[in-house]
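The residues making up each chain are set out below.
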Amino acid sequence: MTKLNDYDKAVETYEPVLGLETHIELDTNTKMFCGCSTTFGAEPNTQVCPVCLALPGALPVANKAAIEATIKIGLALNCRIAEWTRFARKNYFYPDMPKNFQTSQYEEPLCEEGYVDVTVDGKEYRVEIERVHLEEDTGKTLHMGGATGRIHGATESLVDYNRAGIPLVEIVTKPVPGTGALAPEVARAYTAELRDIVRALGVSDVRMEQGSLRCDVNLSLNLPGDEWGTRTETKNVNSLRSVERAVRYEVRRQSALLDAGERIFQETRHFQEATGETRAGRSKEEATDYRYFPEPDLAVMEPSREWVEQLRSELPEPPRKRRERLQADWSLGDKEMQSVVNADALQLIESTVAAGTSPSGAVKWWLGELSRRANESGEELAALAITPTQVAQLQGMVDDGRLNDKLARQVIDGVLAGEGDPADVAAKRGLEVVSDTGALEKAVDEAIAANPAVADKIRGGTHAAAGVLIGAVMKATKGQADAGTVRQIILDKLS
Ligand SMILES: [Zn+2]
């Protein structure tokens, strides 16, 4: 059983220093050094060729779209773009890597010296970027026969090379000191911001749960005034929440060891999604010698300044600026805006407003009823079977008095069940508000006749008693009356 300190006590004593290494799979049509398809989910080993299988004599050619995407990421992260850069061979043996080296970048990365600003608890943190470089992904090893899919207990291992050679961008931060107790939140905010920046560029779908954005979290602790401590590297943390949890766990674990006078080993650790723990993996006490050397089969790259400036001019509005603009446009408070961001509803609300509804109407549906449905079904909000246009139509019907909120929720049932647009669902299910005043007056008359004592109270000036009659009319019309209209009819009749 690993001994853990209380988190708050740990950060009173020690200062955490963060570091984040993020791998992003680019969504280019073809692989980094050959023309093989990158489509996810194909039959194993069907998207391979002599180049990505490293057959003798095969020669790689660099993918221009991947280089462009990497330069754009570098520019969006405020990096300097190299004037001269080249690939290197990183030599190590691994069964899912057919070449026995990974073509990567070493001393000459494509982009260097950038930064990302994030805000946590109203305070600004600048996370400095050391480098952004381009490399290729490895294949995938599947361990068969064991209970957990891990190598332990497996009877055989199979290799799928479809992923081998897919372009991968690695983004490495400089150490981030000075976050104190907020280290977990800063790590999360940085990862979220990086994801949003890359998503806005349209060069990757950056889905953590599918592995197109993978995060390694480095953490060390030191006493105030001391040198930075020995860091651990927690691998493949695959959600924003897990980034936060991994940092928190390492602070608690390392501080308990340091308190006991033990030392921290420089090692790779693995995050356990189920328990929130990190477990020791490979020790890095002996630095691996990757015998990097320049890749002789690929030409050096010298991105012209004109090309770089051209790419800079194509950058989209930075996500941070966009959020500030939309928050002002929609007149949302900081807390409400934070809820929108946390629910991943920014784009959905923007599209709903663009489809012609008020910001408050769009926010109400996406953060309220639709978030509740998404939570229930365990889906992402954007995956619900309702489009922003349909939400705008729904709110439009509410604005026109054709639906009340209760009926609108039933219309949502129908839309989610694939019965068509809100107007179709309302027509098919007979859900529109009864606007025929003749029918409403008749229902009110019946309610008054059935509740003479209540009617007398209202006649005597107790308007609050109208609630009973409104309830009776709503029941009679199966909730399809507008409560305000019904109330008015009742008061008109009884006063
Ligand atoms: Zn290939």
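The preceding data block contains the structure.
Only a predicted model underlies this, so the values are computations on that prediction, with no experimental measurement involved.

Asks: Which parts of the structure should I look at to understand the pattern of salt bridges?
Replies: Pairs may arise between side chains of opposite charge once their charged atoms sit close together. Inspection of the entire model under this criterion finds 40 salt bridges. Between Arg325 and Glu317 there is a salt bridge; the shortest N-O distance is 2.8 Å. Looking at Glu317, the relative accessible area reads 33%, which means it is partly exposed. Taken together, the shared-partner salt bridges in this structure form one network comprising Glu193, Arg195, Asp196, Arg199, Arg323 and Asp344.

Asks: When you look at unusual backbone geometry in this model, what are you seeing that I'm missing?
Replies: Even without being a glycine, Val206 presents a positive backbone phi close to 40°. Of note in this structure, Asp344 is not a glycine but carries a positive phi near 60°. Residue position: Asp344 is located in the loop between helix H7 (334–342) and helix H8 (346–354). Under the relative-accessibility criterion, Asp344 is labelled partly exposed at 33%.

Asks: Sorry, what's going on with the coordination of the zinc ion here?
Replies: Summarising the metal site, the zinc ion is bound by the protein donors Cys34 (SG), Cys36 (SG), Cys49 (SG) and Cys52 (SG), whose distances to it range over 2.3 to 2.4 Å. Around the zinc ion, the four donor atoms are arranged such that angles at the metal cover 100 to 116°; this shape is classified as tetrahedral. Each donor residue of the zinc ion belongs to the same chain, and together they define the spacing C-x1-C-x12-C-x2-C. Here the residue Cys36 occupies a position in the loop between strand S1 (15–25) and helix H2 (64–76), and Cys52 occupies one in the loop between S1 and H2, the gap between them amounting to 16 residues. Both residues of the pair, Cys36 and Cys52, belong to the buried class.

Asks: Any chance you could explain the pairing of strand S3 (residues 88–91) here in plain terms?
Replies: Across a regular strand the side chains alternate sides, sitting on one face of the sheet and then on the other. Burial of S3 is two-sided: the residues Ala88 and Lys90 facing one way and the residues Arg89 and Asn91 facing the other way are all buried. Pairing of S3 with strand S4 (residues 101–104) involves four bridges; the strand directions are antiparallel. Counted as the bridge partner of Arg89 is Thr103 from S4. In terms of strand pairing, S3 meets strand S14 (residues 293–294) through two bridges, oriented antiparallel. When the bridges of S14 are listed, Arg89 appears paired with Phe293.

So, how was this worked out
Residues numbered from 1 in each chain as written. Predicted model: local features only at pLDDT ≥ 70, side-chain atom pairs only at ≥ 80, totals over all residues. Heavy atoms only, no water. Salt bridge = Lys/Arg side-chain N within 4 Å of Asp/Glu carboxyl O. Buried < 20%, exposed > 50% of the residue type's maximum accessible area, 1.4 Å probe, protein only. Helix = DSSP H or I, 4+ residues; strand = E, 2+ residues; numbered from the N terminus. Donors = N, O, S within 2.8 Å, 3.2 Å for Na, K, Ca; no water. Tetrahedral: all angles 85-135°; square planar, octahedral: opposite > 155°, others 65-115°. Pairing = 2+ DSSP bridges.

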